[in-house]
Amino acid sequence: MNRASHLFFEDPDLPDRALRVLVAANLYPHEGAENYGTFVRDEVEALRKIGVGADVFYVNGRASRMNYALAVPAFFRRLGARPYRIVHAHHTLTGPMARLQRRLPLVVTFHGSEVAESYTAPLSRILARLADGRIATSRWVESHLGRPADAIIPAGVDFDRFRPEDQGEARRALGLPLDRKLVLFVGLPRPDKRIGVIEEAVRLLREQGRPADLLLATDKKHEEITRYMNAADVLVLVSEAEGSPMVIKEAMGCNLPIVAGDMGDIREVIAGTAGCFLCDKSVAGTAEGIEKALRFGRRTDGRSRVLHLSLEESAKKVRAVYERVLERKKR
């Protein structure tokens, strides 16, 4: 793992842009962690495509929590080196460093479970008061901030990447059996993702005579996930908490059936989609949801229902927040 306290990703076109932003993030792909925070990188690239200049200051909180303090001097040097008009912090833990400066307005995106868990919950509420603009990825996230968000903006999905493909071709490319039912989990196997519940649910289905295999897509390149989603029969997500999970929207883009707990904006995203089911997150409830999805037995029409959650649309909404915050500061 890279042990540096911070990394900097420069936008070569920033000086030519009218709207220039310094993005402060503790989630961003880099050497040795190419899949880490891809949704932040995708948003930055989408903002650049619509005319926003965006440099990225990445704080390596994964290596050490001390890096949030150690990176502060470098952050201030970067802040003074280019003509930024706004600072945009992603995640609660990056926000305090970004708020230490008072010269530029601060927008904070609150992503998910950090607003409700451990010491980051009260820190999120404090930061929400101190920020000039607040973006929440879902109504559930907003409900924990203690004040309204300027906008609800789920991280956008690259629907050119996450699109339906032939299931047989996807399985052959991955070397997977063509005659098995595959239950997919995507993400890091952290305790809060409760993979054990999914494993037990699949085992229970086998005992009941419903053969299925658990397919884990962990530590895979982001561009590989599309193939896993097209190879699988159902995606399952029963985490302790989620804000606006990317994997749900990406699965919808691939028309993959979904079984998930009622967390964050999942109910809203899958609403009315035949083949997608909410479950109570117990082993029995998860198994029941998987059984329903396998009995459904075909792809969904989820893609047509979530195209409004594209990268381009989310970037336009983020830019609109920047513009409103700058207008308020001007007044």
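Everything quoted here is computed from the prediction, not taken from an experiment.

What to know about the side chain of His 30
Move 1: Residue position: His 30 is located in the loop between strand E2 (19–25) and helix H1 (38–49).
Move 2: Using a relative accessible area of 7% as the deciding quantity, one classes His 30 as buried.
Move 3: At 2.8 Å, the side chain of His 30 forms a polar contact with the backbone oxygen of Tyr 28.

Here we look at the layout of surface pockets
Move 1: Taken as a whole, the largest pocket encloses approximately 1,600 Å³ of empty space.
Move 2: Lining of the largest pocket is provided by 49 residues; of these, Leu 27, Phe 39, Leu 188, Arg 190 and Lys 193 occupy positions nearest its centre.
Move 3: Those elements that place two or more of their residues in the lining of the largest pocket are H1, strand E8 (182–186), helix H9 (222–231) and helix H10 (246–253).
Move 4: Among the elements that take part in the lining of the largest pocket, H10 stands out by supplying 3 residues, more than any other.
Move 5: Partitioning the lining of the largest pocket into residue classes produces 18 nonpolar, 18 polar and 13 charged.
Move 6: Contributing to the lining of the second largest pocket are 15 residues, with Ala 46, Lys 49, Asp 158, Leu 311 and Glu 312 lying nearest its centre.

Some details on the environment of Asp 192
Move 1: For Asp 192, the location among the structural elements is in the loop between E8 and helix H8 (195–207).
Move 2: As for Asp 192 and Asp 132, which are separated by 60 residues in sequence, their C-alpha atoms are 31 Å apart.
Move 3: Once residues within four sequence positions are removed from consideration, Asp 192 is found in contact with Ser 239 and Glu 240.
Move 4: At 2.9 Å, the side chain of Asp 192 and the side chain of Arg 190 are in polar contact.

Some thoughts on the pattern of salt bridges
Move 1: Applying the stated rule across the entire model yields 24 salt bridges.
Move 2: Two residues, Arg 82 and Glu 10, come together in a salt bridge whose shortest N-O distance is 3.6 Å. Within this pair, whereas Arg 82 is found in the loop between helix H3 (72–81) and strand E4 (86–90), its partner Glu 10 is found in the loop between strand E1 (6–9) and E2, the two being separated by 72 residues in sequence.
Move 3: Arg 82 sits in the buried class, given a relative accessible area of 15%.

Description of the packing of aromatic side chains
Move 1: Using the criterion set out here, one finds 3 aromatic pairs in the structure.
Move 2: Ring centres of Phe 75 and Phe 76 lie 5.9 Å apart, and the angle between their planes is 90°; on these two criteria the pair is classed as edge-to-face.
Move 3: The buried category is assigned to Phe 75, whose relative accessible area is 0%.
Move 4: Clustering of aromatic rings is evident, with ring pairs tying together Phe 57, Phe 75 and Phe 76.
Move 5: Against the face of Tyr 36 rests Arg 62, its NZ or CZ located 4.1 Å from the ring centre.
Move 6: The ring centre of Phe 8 lies 3.8 Å from the NZ or CZ of Arg 78, which sits over that ring.

Some remarks on the nonpolar core
Move 1: Membership of the largest hydrophobic core comes to 34 residues, with the highest contact counts inside it found for Leu 184, Val 186, Met 229, Leu 235, Ile 248, Ile 258 and Ile 270.
Move 2: Sorting the residues of this core by element identifies E8, strand E9 (213–217), H9, strand E10 (234–237), H10, strand E11 (258–261) and helix H11 (266–270) as the ones contributing at least two each.
Move 3: Dropping the residues within four chain positions of it, Met 229 is found in contact with Phe 162, Leu 184, Val 186, Val 247, Glu 250, Ala 251, Cys 254, Leu 256 and Arg 299.
Move 4: In terms of nonpolar packing, the next biggest core, distinct from the first, is built from 30 residues, Leu 22, Met 97, Leu 104 and Val 108 among them.

Definitions and limits used
- Residues numbered from 1 in each chain as written.
- Predicted model: local features only at pLDDT ≥ 70, side-chain atom pairs only at ≥ 80, totals over all residues.
- Heavy atoms only, no water.
- Helix = DSSP H or I, 4+ residues; strand = E, 2+ residues; numbered from the N terminus.
- Buried < 20%, exposed > 50% of the residue type's maximum accessible area, 1.4 Å probe, protein only.
- Polar contact = N/O pair within 3.5 Å; in protein donor to acceptor, adjacent residues only side chain to side chain.
- 1 Å grid on protein atoms, 1.4 Å probe; cavity = no way out; pocket = protein on both sides within 12 Å on 5 of 7 lines; lining within 4 Å.
- Points joined across faces, edges and corners; volume = space filled by probe spheres on them.
- Nonpolar A, V, L, I, M, F, W, Y, C, P; charged D, E, K, R; others polar.
- Contact = heavy atoms within 4.5 Å.
- Salt bridge = Lys/Arg side-chain N within 4 Å of Asp/Glu carboxyl O.
- Phe/Tyr/Trp six-rings, centres within 6.5 Å; stacked < 30°, edge-to-face > 60°.
- Lys NZ or Arg CZ within 6 Å of the ring centre and 35° of its normal.
- Core = buried A, V, L, I, M, F, W, Y, C linked by side-chain atoms within 4.5 Å.

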